[in-house]
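# Analysis of the macromolecular model
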Amino acid sequence: MANEFIQTYVEKKTGIIQLDRPQAANALNRQMVDEIVEQMERFDRDDSIRVIVVKGNEKAFAAGADIDEMMDDSPLSLELTNPFAVWDRMMLIKKPVIAAVNGFALGGGFELALHCDLIVAAENASFGFPEVTLGVMPGAGGTQFLTKAMGRAKALEWIWLGQQMSAREALHYGVINRVVAPEMVKEETMRLAHQLAGQAPVAVRLIKEAVDEAVDTPLEDGLKLERKNFYLAFASQDQKEGMKAFTEKRSPSFKGV
Ligand code: CAA
């Protein structure tokens, strides 16, 4: 079925998902989240794609979950429709996912960016969780992701006050990776994507799994997983090629197998 709220295209081994609901500041209705996740999964399965980028437009990455859609929800309707289950599938994506953020990344929009592995933002981007001003709280992982990224005290302050943080503040607290001029966001994101696309794909995915493990598990379990993935990397032809290229003093040619 054709997508209604996103556009997708491919540039240099990078699959790009462009959020496309400009009349509502890219507010994420449930169909839009389904489309985003299904497209991420399609790119994840596509051997010709090495990196996935999610981007908005100049004014907004995404201004949150669609308030009109959820205002009449009840605890039971939420329990029955289970709207956040689809978000969990984003965490199963194995390839690197980069968010390119111009303008607002609020509420569910910030959560979408936080589900990505890396965030490149414009100097005028702003991040925040305004849910408290609507009488609710983040529901798509915001309390967990932000706390893990910036620590309890600052996360609590931002979420309690519903304040927006600038891209520079977000960078300072380690929430995002890079800040550039607004007109450079796409270029910088593609530069990063291109660099990642040139790395050995098997190693890249094993590293993602091992780093994610470090966030959530005791050191001992994380070390075991890291060791297992280190051994697994030696099953790839790219490991042979990478090490051979080093000894032959040339650039490696990685195939992703
Ligand atoms: N849901 C539905 N519609 C939204 C929306 C949202 N989250 N955010 C913006 N829109 C709509 C506006 O209603 C407006 O529509 P109309 O033209 O039909 O009136 C259109 O997008 C443009 O928005 P504004 O006119 O408000 O534009 P602005 O430049 O003055 O302000 C903004 C931009 C600061 C992003 C402002 O729109 C805003 O505060 N939006 C709401 C942000 C928010 O509260 N997000 C959290 C949602 S709850 C959530 O996300 C829960 C969760 O964890 C999953």
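Rules behind the numbers
- Residues numbered from 1 in each chain as written.
- Predicted model: local features only at pLDDT ≥ 70, side-chain atom pairs only at ≥ 80, totals over all residues.
- Heavy atoms only, no water.
- Domains from an automatic or database assignment.
- Contact = heavy atoms within 4.5 Å.
- Buried area = accessible area lost by both parts, 1.4 Å probe.
- Salt bridge = Lys/Arg side-chain N within 4 Å of Asp/Glu carboxyl O.
- Polar contact = N/O pair within 3.5 Å; in protein donor to acceptor, adjacent residues only side chain to side chain.
- Nonpolar A, V, L, I, M, F, W, Y, C, P; charged D, E, K, R; others polar.
- Pairing = 2+ DSSP bridges.
- Helix = DSSP H or I, 4+ residues; strand = E, 2+ residues; numbered from the N terminus.
- Axes fitted to C-alpha atoms, helices over the stretch in contact; angles between N-to-C directions.
- Buried < 20%, exposed > 50% of the residue type's maximum accessible area, 1.4 Å probe, protein only.
- Near = heavy atom within 4 Å.
- Areas by Shrake-Rupley, 256 points an atom, 1.4 Å probe, with all protein chains shown as cover.
- Phe/Tyr/Trp six-rings, centres within 6.5 Å; stacked < 30°, edge-to-face > 60°.
- Lys NZ or Arg CZ within 6 Å of the ring centre and 35° of its normal.

To continue, consider the domain arrangement of the chain. We note that the domain assignment places domain 1 (6–197) and domain 2 (201–247) within the chain. Spacing between the C-alpha centres of domain 1 and domain 2 amounts to 26 Å. If you look at the interface, domain 1 gives 9 residues, while domain 2 gives 6 residues. Summed over both sides, the interface of domain 1 with domain 2 buries roughly 680 Å², with 51% coming from carbon and sulfur. Remark: the boundary between domain 1 and domain 2 carries 2 salt bridges. Put simply, K148 and D216 hold a salt bridge, and the shortest N to O gap is 2.9 Å. On inspection of domain 1 and its partner domain 2, the count reaches 4 residue pairs in polar contact (both at pLDDT 80 or more). Of the residues in the side of domain 1 that touches domain 2, the class split is 4 nonpolar, no polar and 5 charged.

Right, let's get into the sheet that holds strand β4 (residues 60–62). Strand order in the open sheet made by the 4 strands is β4-β6-β8-β9, with mixed pairing throughout. Because the sheet does not close on itself, it has two edges, and the strands there are β4 and β9 (164–166). Along the sheet, successive strands turn relative to each other by an average axial angle of 20 degrees, direction set aside. As judged from the 3 bridges shared by strand β8 (residues 126–128) and β9, these two strands associate in the antiparallel manner. Opposite G128, over in β9, you have Q164 as the bridge partner.

It is worth spelling out the pattern of salt bridges at this point. Across all of its chains, the model carries 15 salt bridges by this definition. For the salt bridge of D66 with R21, the shortest nitrogen-to-oxygen distance reads 2.8 Å. Here D66 is found in the loop between β4 and α2 (67–70), whereas its partner R21 is found in the loop between β2 (14–19) and α1 (30–45), with 45 residues between them in sequence. Taking relative accessible area as the criterion, D66 reaches 8% and is therefore assigned buried. Two residues, R250 and E241, come together in a salt bridge whose shortest N-O distance is 2.8 Å. Overall, E241 belongs to the buried group, its relative accessible area being 17%. When salt bridges that share partners are traced, they join E241, K244, E248 and R250 into one network.

Turning our eyes to something else, we now look at the site of the ligand. Taken together, 23 residues form the shell around the ligand, and within it A65, I67, G108, E111 and E131 come nearest. With respect to the ligand, the backbone of A65 contributes an N or O atom lying 2.9 Å from an oxygen atom. A distance of 2.8 Å is found between an oxygen atom of the ligand and a side-chain nitrogen or oxygen belonging to E111. Considered on its own, the ligand offers 980 Å² of accessible surface; in the complex 62% of this is hidden by protein. For the shell around the ligand, the secondary-structure elements that each account for two or more residues are α2, β6 (104–106) and α5 (108–115). Taken together, the residues that form the shell around the ligand break down as 14 nonpolar, 5 polar and 4 charged.

What follows concerns the packing of aromatic side chains. By the definition in use, this model includes 4 aromatic pairs. Measuring from centroid to centroid gives 5.3 Å for F110 and F127, while their planes differ by 50 degrees, and the two rings are tilted. A residue pair is termed long-range when its members are at least 10 positions apart, and F110 in helix α5 and F127 in strand β8 qualify at 17 residues. Each member of the pair F110 and F127 is classed as buried. Here F230 and F234 contribute two aromatic rings whose centre-to-centre distance is 5.1 Å and whose plane-to-plane angle is 55 degrees, an arrangement assigned as tilted. Its guanidinium or amino end placed over the ring of F5, R21 lies 5.6 Å from that ring's centre, counting from NZ or CZ.

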